[in-house]
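Structural overview for review
Residue-level listing of the chains:
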Amino acid sequence: MFKRIVFVAIAMHFLSGYSQGQKFKVVLDAGHGGKDYGAVYHGNIEKNIALQTTLRVGAILEKDPQIDVVYTRKSDVFIELQQRANIANKSKGSIFVSMHCNANKNQAASGNETYVMGITRNASNLEVAKNENEVVTLETDYKIKYDGFDPNSPESVIGISILQEEHLDQSIELAGRVQEFFTKKTDNKNRGVKQAGFLVLRQITMPRVLVEMGFVSNKEEGEFLNSEDGQNKLAEAIAGAILDYKNEFFNPSNNDNVKEDIKIIDKKEETIVKETPKKEEIVKKVEKATEKGIVFKIQISASTKELATSPSNFKGLSPISVESTGSLFKYFYASEKNYDAAKQKLEEAKQKGYKTAFIVAYKDGIKINVTDAIK
């Protein structure tokens, strides 16, 4: 019985990020606004689509009594990028979601994609970041405020100062869900989760994503983005992803609508079955901790595709381990007791081509902050 109680406590700690009574705070950021129109094609204006869809997302989320919604703008006004970060950080938000529309000189380009903060040399990703970052030229003294940033320079985009590790894992989790729900709610092409350097995300101190809901430069998709039906579907997808993320990681332990049950098989914990108010059963596999104490691993990738953990699938790296959350699979290289050893493994991963790899830490099988692990 004692073992059962302890395991329930561990499971609830893993699945719940907040204490009793604390609300999940979502910061919604409608891209552009005011004198900054964003992309404009075929009569479709990015700033208007972003605002209207953002307000629809907020209206859905506000129906949940466990959620507080904060908006960086609720009308057609110009908000500087730094101010958007200030609003988010002062609110002490749980997540930050910035909504935009894509555009491309190739007007046949279509589909949605969600970005997390990261360094990339991919030409397509750099172009998207460049387009979104150009808004800084409308701000006074932007080169001083943003440390000499030049939106037309790929080196500036690549060199944006960020804490590569901080919140990246959670951001990928959220981004994966947004793409998953887009596929459920729309017929638009799923372009996946990507990384790039966005100024609006640079100083956000919480899990954060930038959503490109579709291409206004594509005439057909632009009409969808600008329509009431299209915005409703996009809002339902984004709000659904946020709710899914919140229910996975931040359900208060006193929520009477969530019932946890543990199956014990041969004295080994195998699964957690979670019943939601909709009576849908979600089964999550929970690996029994095989290593006690502090362990450092290198997260090298996250994908919606499940791969065998053989070295041939990971550029010769071994050992590889995998964790799954929802439809997202996270792949890790090595397992070290010592942080310096983990840093060496991180360099090995980067030399193999995993440039955005980062160190994660566990204590007795439960993920913890790396800084706390080092201490």
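Above this note sits the structure.
Predicted model, so just to flag it, every value in this text is computed and none were measured.

What about helix α2 (residues 46–61)?
Across its 16 residues, α2 extends 22 Å between first and last C-alpha, which sits within 8% of the 22 Å expected from 1.5 Å per residue. Of the residues making up α2, those classed as buried are E46, K47, I49, A50, L51, T53, T54, V57, G58 and L61.

Considerations on the packing of α2 against helix α10 (residues 228–249)
At their nearest, the axes of α2 and α10 sit 8 Å apart, and the two run at 50° to each other. For the element pair α2 / α10, the angle class is oblique. The crossing of α2 and α10 is right-handed. Contacts between α2 and α10 involve I49, Q52, T53, R56, V57, I60 and L61 on the former and, on the latter, E228, Q231, N232, L234, A235, E236, I238, A239, I242 and L243. Residue composition of the contact of α2 with α10, by class: 10 nonpolar, four polar and three charged.

Let's talk about unusual backbone geometry
P319 follows S318 through a cis peptide bond whose omega is 5°. Topologically, P319 is positioned in the loop between β12 (294–303) and β13 (320–325). Here K315, not a glycine, exhibits a phi torsion of approximately 55°, which is positive. Secondary-structure assignment places K315 in the loop between β12 and β13. Residue classification places K315 among the partly exposed residues on the basis of a relative accessible area of 44%.

Looking at the nonpolar core
Core analysis: the biggest nonpolar cluster contains 43 residues, and L28, V97, M213 and I242 have the highest contact counts within it. By residue number, the principal contributor to this core is α10, which donates nine residues. When sequence neighbours within four positions are dropped, the list of residues in contact with I242 reads F24, V26, L28, V57, L61, I95, V97 and L174.

Brief notes about the packing of helix α7 (residues 168–185) against α10
When two helices pack together, their arrangement is captured by the angle between the axes and the distance separating the axes. Running from amino to carboxyl end, α7 crosses α10 at an angle of 140°, the nearest separation of the two axes being 8 Å. In terms of orientation, α7 and α10 fall into the oblique class. Here α7 runs over α10; the crossing is right-handed. Of α10, the residues touching α7 (which contributes Q170, E173, L174, R177, V178, F181, F182 and K185) are K233, L234, E236, A237, I238, G240, A241, I242, D244, Y245, E248 and F249.

Thoughts on the packing of aromatic side chains
One pass over the full model with this rule turns up four aromatic pairs. With centroids separated by 5.0 Å and ring planes inclined at 45°, the aromatic side chains of F314 and Y331 adopt a geometry described as tilted. A residue pair is termed long-range when its members are at least 10 positions apart, and F314 in the loop between β12 and β13 and Y331 in strand β14 (residues 328–336) qualify at 17 residues. Residue F314 is classed as buried on the basis of its relative accessible area of 2%.

Focus on the pattern of salt bridges
Opposite charge on two side chains permits them to pair, given that their charged atoms come into close proximity. A complete count under the given rule lists 13 salt bridges for this structure. Measuring nitrogen to oxygen at the nearest pair gives 3.8 Å for the salt bridge that ties K23 to D68. One end of the pair, K23, is in the loop between α1 (2–15) and β1 (24–30); the other, D68, is in strand β4 (residues 67–71), with 45 residues separating them in the sequence. A relative accessible area of 39% places K23 in the partly exposed class. Among the ionic pairs, K194 bridges to E113, the shortest N-O distance being 2.9 Å. Of this pair, K194 sits in strand β7 (residues 190–196) while E113 sits in strand β6 (residues 112–117); the two residues are 81 residues apart in sequence, bridging distant segments of the chain. Accessibility classification places K194 together with E113 in one group, the buried group. Via salt bridges that share partners, E173, R177, D244 and K330 belong to a single interconnected network.

What counts as what
- Residues numbered from 1 in each chain as written.
- Predicted model: local features only at pLDDT ≥ 70, side-chain atom pairs only at ≥ 80, totals over all residues.
- Heavy atoms only, no water.
- Helix = DSSP H or I, 4+ residues; strand = E, 2+ residues; numbered from the N terminus.
- Expected span 1.5 Å × (residues − 1).
- Buried < 20%, exposed > 50% of the residue type's maximum accessible area, 1.4 Å probe, protein only.
- Axes fitted to C-alpha atoms, helices over the stretch in contact; angles between N-to-C directions.
- Parallel < 35°, antiparallel > 145°, perpendicular 65-115°, else oblique.
- Left-handed = near helix turned anticlockwise from the far one by under 90°.
- Contact = heavy atoms within 4.5 Å.
- Nonpolar A, V, L, I, M, F, W, Y, C, P; charged D, E, K, R; others polar.
- Core = buried A, V, L, I, M, F, W, Y, C linked by side-chain atoms within 4.5 Å.
- Phe/Tyr/Trp six-rings, centres within 6.5 Å; stacked < 30°, edge-to-face > 60°.
- Salt bridge = Lys/Arg side-chain N within 4 Å of Asp/Glu carboxyl O.

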